[in-house]
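What the coordinates show
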Amino acid sequence: MSNNALFSWREVSPAPDAVVAPDERLPWPQTLAMGVQHVIAMFGATVLAPILMGFNPNVAILMSGIGTLIFFLLVGGRVPSYLGSSFAFIGVVIAATGYAGSGANANLGLALGGIIACGLLYTLIGFVVMATGTRWIESLMPPVVTGAVVAVIGLNLAGIPIKNMAPTPFDAWMQGLTFISVAAVAVFTRGMVQRLLILVGLILAALIYALLTNGLGLGKPIDLSGVANAAWFGMPSFTAPVFDGNAILLIAPVALILVAENLGHVKAVGAMTGRNMDPLIGRAFVGDGIATMVSGSAGGTGVTTYAENIGVMAATKIYSTAVFVVAALIAVLLGFSPKFGALIQAIPLAVMGGVSIVVFGLIAVAGAKIWVDNKVDFSDNRNLIVAAITLVLGTGDYTLKFGGFTLGGIGTATFGALILWALLGRGRRA
């Protein structure tokens, strides 16, 4: 595909409920608005993951934008996806660096070296897939497995907003008002307002929060002084990687989890768009792997195609890759803006928690949609057992330790699904 074709999209009318294909786009003002919504959808998790590992959130935002552009170029602009911070790295990064859970990670360089090694392994897998096809991966990870893994990612993350983002009873009620606001926008509005359900719902909930706290004194008021005092533009704090054998051995195997995530995401997007994206899976792996290496080289987290944004696409029916180019460029600009970092801090925790509940739920449903679209037969006990055990392993955060290596819920669910599928499938077909 030529560069001219790569950045060419056919403009379509923003008719209500119309499906916008990857090679189409809405008029640029609406495309810009959709790009903003995708930034909103990704930045909660993309900022939260680095905070949990002691990374710099502004660097993570910047590298997510750069990574998304790398991915866009390597898939020829044909797979609509956003690359954000992967939660699959959290457990192994904490184990490799001994991070205590607050402030900057003093051993960040060790994590970055491992992340780069992970990205390299991921890229090599992508090249193998490009050379040999996806049949061997599909035999290892059929729709029942990929659907379960995608669903588990949403379910595993569900505890974050519910347990960690509502420290007071008022915040818990505010989370409820937030997801009700998003739901009301999704169901009772039409046109572009409905398509911007996450963004509009967040703004509406923030206004309600301000009224209840700043106006009526019912909770912690919104403080915008940090936003006012922050500079518009400034360089984020980059960090150089350090290559350590133990850290690499701990972190590099995350590539297998990313393969399962990405495969499920590409399959989900293909099902939603009605297009066969299987020939692009190898290139998607390479794009994600290179983006992870680039991110790690600058101090960013490992990245993955984001199910949060797939959830937004499922809700809006807009699959235009132009939206993700816009979102990526916005993220790059925001990465160089301390004022944006301050604005992130100013969004009430409860509001972000309520939005996260919606987005993580959409991820789980996207996994179920893979089952529905591929007509997975749950009267077959092999499918039933693999899905059932995988869901509980991931949702319950089942953790295994191998010496200094810890495999958390998403990892045990991913490998558990793969192993169960193989063990239960000897001599029979799905």
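Above this note sits the structure.
Residues numbered from 1 in each chain as written. Predicted model: local features only at pLDDT ≥ 70, side-chain atom pairs only at ≥ 80, totals over all residues. Heavy atoms only, no water.

1. Looking at the overall build of the protein chain
Counted only if it meets this: Helix and strand definitions here come from DSSP, where helices need a minimum of 4 consecutive H or I residues and strands a minimum of 2 consecutive E residues; each element is numbered from the N-terminal end. Using C-alpha atoms as the atom set, the radius of gyration is obtained and then compared with a globule rule of 2.2 Å times the number of residues to the power 0.38. Exposure was quantified through the Shrake-Rupley algorithm and a 1.4 Å probe, taking into account, for residues, occlusion by the shown protein chains and nothing else. Only four residue types enter the tally: Lys and Arg on the positive side, Asp and Glu on the negative side, with His and both chain ends excluded. Here the site of a charge means atom NZ of a Lys, CZ of an Arg, CG of an Asp or CD of a Glu.
Within the protein chain one finds 21 helices and six strands. For 430 residues, the compact-globule estimate of 2.2 N^0.38 gives 22 Å, and the C-alpha radius of gyration of the protein chain, at 21 Å, lies within 12% of that figure. Principal-axis analysis of the C-alpha atoms places the extent of the protein chain at approximately 65 × 50 × 45 Å. Counting every atom, the protein chain has about 17,400 Å² of accessible surface; 68% of that belongs to carbon and sulfur. Taken together, the 20 basic and 16 acidic charged side chains of the protein chain have centroids lying 5 Å from each other.

2. Structural notes on the packing of helix α11 (residues 197–215) against helix α19 (residues 349–373)
Short version of the rule: For every element, the axis is a line fit to its C-alpha atoms; helices are fit only across the contacting stretch, and the angle between N-to-C directions ranges from 0 to 180 degrees. Should an angle fall under 35 degrees it is taken as roughly parallel, and over 145 as roughly antiparallel, whereas 65 to 115 is taken as roughly perpendicular and any remaining angle as oblique. In a left-handed crossing the near helix is turned counterclockwise from the far helix by less than a right angle, and in a right-handed crossing that turn is clockwise. By the convention used here, residues are in contact when the closest approach between their heavy atoms is within 4.5 Å. Under the scheme applied here, ten amino acids are nonpolar (Ala, Val, Leu, Ile, Met, Phe, Trp, Tyr, Cys and Pro), four are charged (Asp, Glu, Lys and Arg), and all others, including Gly, are polar.
At a minimum axis separation of 9 Å, α11 and α19 run at an interaxial angle of 150°. By the angle class used here, α11 and α19 are roughly antiparallel. Read as a crossing pair, α11 and α19 show a hand that is right-handed. Contact residues: Ile198, Leu202, Ala205, Ala206 and Tyr209 in α11; Val351, Met352, Val355, Val358 and Val359 in α19. By residue class, the composition of the contact of α11 with α19 is ten nonpolar, no polar and no charged.

3. What about the nonpolar core?
Filter applied, for reference: Nine residue types can take part in a nonpolar core, namely buried Ala, Val, Leu, Ile, Met, Phe, Trp, Tyr and Cys, and a core is a set of them joined through side-chain atoms within 4.5 Å. Type-normalised accessible area, obtained with a 1.4 Å probe on protein chains alone, sets the label of each residue: buried when under 20%, exposed when over 50%, and partly exposed for intermediate values.
In terms of nonpolar packing, the biggest core is built from 110 residues, with Phe43, Phe87, Phe89, Val145, Ile198, Ile251 and Phe285 touching the most fellow members. If sequence neighbours within four positions are ignored, Phe89 has contacts with Met53, Ile115, Cys118, Ile251, Val254, Leu258, Thr292, Gly302 and Val303. Core analysis: the next-biggest nonpolar cluster, separate from the first, contains seven residues, Val20, Met34, Leu196 and Val323 among them.

4. Quick word on empty space enclosed by the protein
To keep things clear, this is the line we draw: The distinction between a cavity and a pocket rests on a 1 Å grid over the protein atoms alone: a 1.4 Å probe fits inside a cavity but cannot get out, while a pocket stays open yet meets protein on both sides within 12 Å along at least five of seven lines, and a residue with an atom within 4 Å of a point counts as lining. Grid points are joined across faces, edges and corners, and a volume is the space filled by probe spheres set on the points.
The full count for this structure, using the stated rule, is four cavities of 30 Å³ or more. Within the residue set of the lining of the largest cavity, elements represented by two or more residues are α7 (143–157), α14 (254–273), β4 (303–305) and α16 (307–316). Counted by class, the lining of the largest cavity contains seven nonpolar, five polar and two charged residues.

5. Description of the layout of surface pockets
Rolled over the atoms, a probe with the dimensions of a water molecule shows which regions are left empty. Approximately 670 Å³ is the volume found for the largest pocket. Of all the secondary structure elements, the ones that give two or more residues to the lining of the largest pocket are α2 (28–53), α8 (159–164), α18 (338–346) and α19. In terms of residue count, the dominant contributor to the lining of the largest pocket is α2 (seven residues). Taken together, the residues that form the lining of the largest pocket break down as 20 nonpolar, five polar and three charged. Considering only enclosed or pocket space, the second largest pocket measures out at about 550 Å³ in volume. The wall of the second largest pocket is formed by 25 residues, among which Phe87, Ile90, Gly91, Asn156 and Asp397 lie closest to the centre. Broken down by secondary-structure element, the contributors of at least two residues to the lining of the second largest pocket are α4 (90–97), α7, α8, α14, β6 (405–407) and α21 (409–424).

6. Here we look at the packing of aromatic side chains
We describe a pair of aromatic rings using the distance from one ring centre to the other and the angle between the two ring planes. The following threshold applies: Two aromatic rings, drawn from Phe, Tyr or Trp (for Trp, its six-membered ring), form a pair once their centres lie within 6.5 Å of each other, and the interplanar angle then sorts them: stacked below 30 degrees, edge-to-face above 60, tilted otherwise.
Applying the stated criterion to the full structure yields five aromatic pairs. For the ring pair Phe170 and Tyr209, a centre distance of 5.8 Å and an interplane angle of 55° mean the geometry is tilted. Here Phe170 is found in helix α9 (residues 169–188), whereas its partner Tyr209 is found in helix α11, with 39 residues between them in sequence. Its relative accessible area of 5% is what places Tyr209 among the buried residues.

7. Quick word on unusual backbone geometry
Positive phi outside glycine occurs at Lys317, with the angle close to 65°. You can see Lys317 is positioned in the loop between α16 and α17 (321–335). The phi torsion at Lys375 lies on the positive side, around 50°, for a residue other than glycine. The residue Lys375 is located in the loop between α19 and α20 (381–395) in this model.

8. Here's the deal with the environment of Ala247
Take Ala247: it is sitting in helix α13 (residues 245–251). Along the primary structure Ala247 and Ala96 are separated by 151 residues, whereas in three dimensions their C-alpha atoms are 5.1 Å apart.

9. Describing the packing of helix α3 (residues 57–74) against helix α15 (residues 281–298)
Look at α3 against α15: their axes get within 8 Å of each other, and the N-to-C directions meet at 150°. As far as their axial angle goes, α15 and α3 are roughly antiparallel. For the pair α3 and α15, the sense of crossing is right-handed. Contacts from Val59, Met63, Ile66, Gly67, Ile70, Phe71, Leu73 and Leu74 in α3 reach Arg283, Ala284, Val286, Gly287, Asp288, Ile290, Ala291, Val294, Ser295 and Ala298 in α15. Looking at the contact of α3 with α15 residue by residue, the class counts come to 13 nonpolar, three polar and two charged.

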